[in-house]
Amino acid sequence: MRLIELLGNSAVEVVASVILRGKANPTVAAEALKWIGHIDQAKSYAFRLWLLEESLRSPFAIVRDAALLGVASLDDQHSIPAINDAISRETCPELREDLNQVLMQLDPQCHLYSE
Amino acid sequence: MISRAKWREAQTHPPGGQPVSIERVMQADVFSDLKTDTNLLSVWHIEDSLANLENVLTALAANYERFTNVDYVLLDGDVLEALSIDMKQTEGASVDQNVNQWHRDLHIGTAGKLMELAREIYSRPDTRQRMPEKKLKSLLVVAVSTGRIEKSKLKDPLRVEVEKLISSSRPSPSK
């Protein structure tokens, strides 16, 4: 992750291509995604957010879970549509519950929509 | 503390198929969440009212290098009794002195008993919970601001982040 801090977008690009093409071991990809949400760097922010949101589509629950933790860490309301999409696709009940928890965090008013 | 991702529910009753036993679907990785030392498993006692839950989780989160979520299992004492697992109060080693009184050691003894415990946790998804990072961040800031957790006991990167949050939440001096 030091590499991303040093190189910014070009390093995120490399990590993204490895993760999104499914070339990384799911456990390793999950660990990387958790850290990607914690990097404090403005220039790679948008790309990192995009990578985390895209990773919510991973076939591996462990990767989707880590991507969600990363999204929660960035705490950006722009992720609300991606979270909503992920909720509609999610087949794992526990992960759906976690997605809803993050949706509540990003948009505390969201429970009002369904009432 | 656990990692919920390792415990995700697998299909134990595939549609139209024979039920599959938990042992055949539960990932081996779950045992990394149940690490024993001298056959003891370190856990924390949570009061029925959950009054001490936030303090315990905050103390555990304070052990990390960065802000993080905490995944945990809330298991009823009856389950341990049914499994004949003895529990002993021992002093914890968290950074919050008040929390350390709630530390317990479970006497697991054998690999078979550990398997039984894992099976109980696996079959009860509602016991596996998550305290989000954002909530723990504010709890930790309060714990440090009020002196419940000493700032000097935090690891450097976490301490820097906590200090940043505390200083940003202070009202700027009026001119």
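Further up the page is the structure itself.
1. Some remarks on the overall build of chain A
- Check the secondary structure of chain A and you find eight helices and zero strands.
- Shown N-terminal to C-terminal, the secondary structure of chain A runs as helices and strands in the order α-α-α-α-α-α-α-α.
- In chain A, which comprises 115 residues, the proportion classed as buried is 37%.
- Across chain A, every contact between residues at least 6 apart in sequence was considered, and the portion connecting residues at least 24 apart equals 60%.

2. Considerations on the packing of helix H2 (residues 9-20) of chain A against helix H4 (residues 45-55) of chain A
Residue and element names in this part refer to chain A.
- Closest axis-to-axis distance for the H2/H4 pair is 10 Å, and the angle between their directions is 10 degrees. Taken as axis vectors, H2 and H4 run roughly parallel relative to one another. Counted together, Asn 9, Val 12, Ala 16, Ile 19 and Leu 20 of H2 and Phe 47, Arg 48, Leu 51, Glu 54 and Ser 55 of H4 form the full contact between these two elements.
- Counted by class, the contact of H2 with H4 contains six nonpolar, two polar and two charged residues.

3. Considerations on the sheet that holds strand E1 (residues 40-44) of chain B
Residue and element names in this part refer to chain B.
- Reading across from one edge, E1-E4-E3 is the order of the three strands in this open sheet, with antiparallel pairing throughout. Either end of the sheet is taken by a strand with one partner, and the two such strands are E1 and strand E3 (86-89). Between one strand axis and the next, the sheet turns through 30 degrees on average, direction left out of account.
- Bridge analysis of E3 against strand E4 (residues 103-107) gives four bridges, and the strand direction is antiparallel. Within E4, the residue paired with Met 87 across the bridge is Leu 106.

4. Comments concerning the interface of chain A and chain B
- Contacts between chain A and chain B engage 15 residues on the former and twelve residues on the latter.
- Breaking the side of chain A that touches chain B down by element, the ones donating at least two residues are helix H5 (61-74) and helix H7 (93-106) of chain A.
- Considering every element that reaches the side of chain A that touches chain B, the biggest residue donor is H5(A), with six residues.

5. Things to note about the nonpolar core
- Residues Ala30(A), Leu33(A), Val63(A), Ala66(A), Ala67(A), Leu68(A) and Val71(A) are the most contacted members of the largest nonpolar core, which totals 28 residues.
- Only H2, helix H3 (26-36), H4, H5, helix H6 (80-89) and H7 of chain A provide two or more residues apiece to this core.
- Non-local contacts of Ala67(A), meaning those with residues more than four positions away in its chain, are made with Leu33(A), Leu52(A), Ser55(A), Leu56(A) and Ser58(A).
- Of all hydrophobic cores here, the second largest spans 22 residues; its members include Ala59(B), Leu60(B), Tyr72(B) and Leu140(B).

Thresholds, definitions, all that
- Residues numbered from 1 in each chain as written.
- Chains lettered and ligands numbered in written order.
- Predicted model: local features only at pLDDT ≥ 70, side-chain atom pairs only at ≥ 80, totals over all residues.
- Helix = DSSP H or I, 4+ residues; strand = E, 2+ residues; numbered from the N terminus.
- Buried ≥ 20, exposed ≤ 12 C-beta atoms within 10 Å, placed from the backbone.
- Contact = placed C-beta atoms within 7 Å.
- Axes fitted to C-alpha atoms, helices over the stretch in contact; angles between N-to-C directions.
- Parallel < 35°, antiparallel > 145°, perpendicular 65-115°, else oblique.
- Nonpolar A, V, L, I, M, F, W, Y, C, P; charged D, E, K, R; others polar.
- Pairing = 2+ DSSP bridges.
- Core = buried A, V, L, I, M, F, W, Y, C linked by C-beta atoms within 7 Å.

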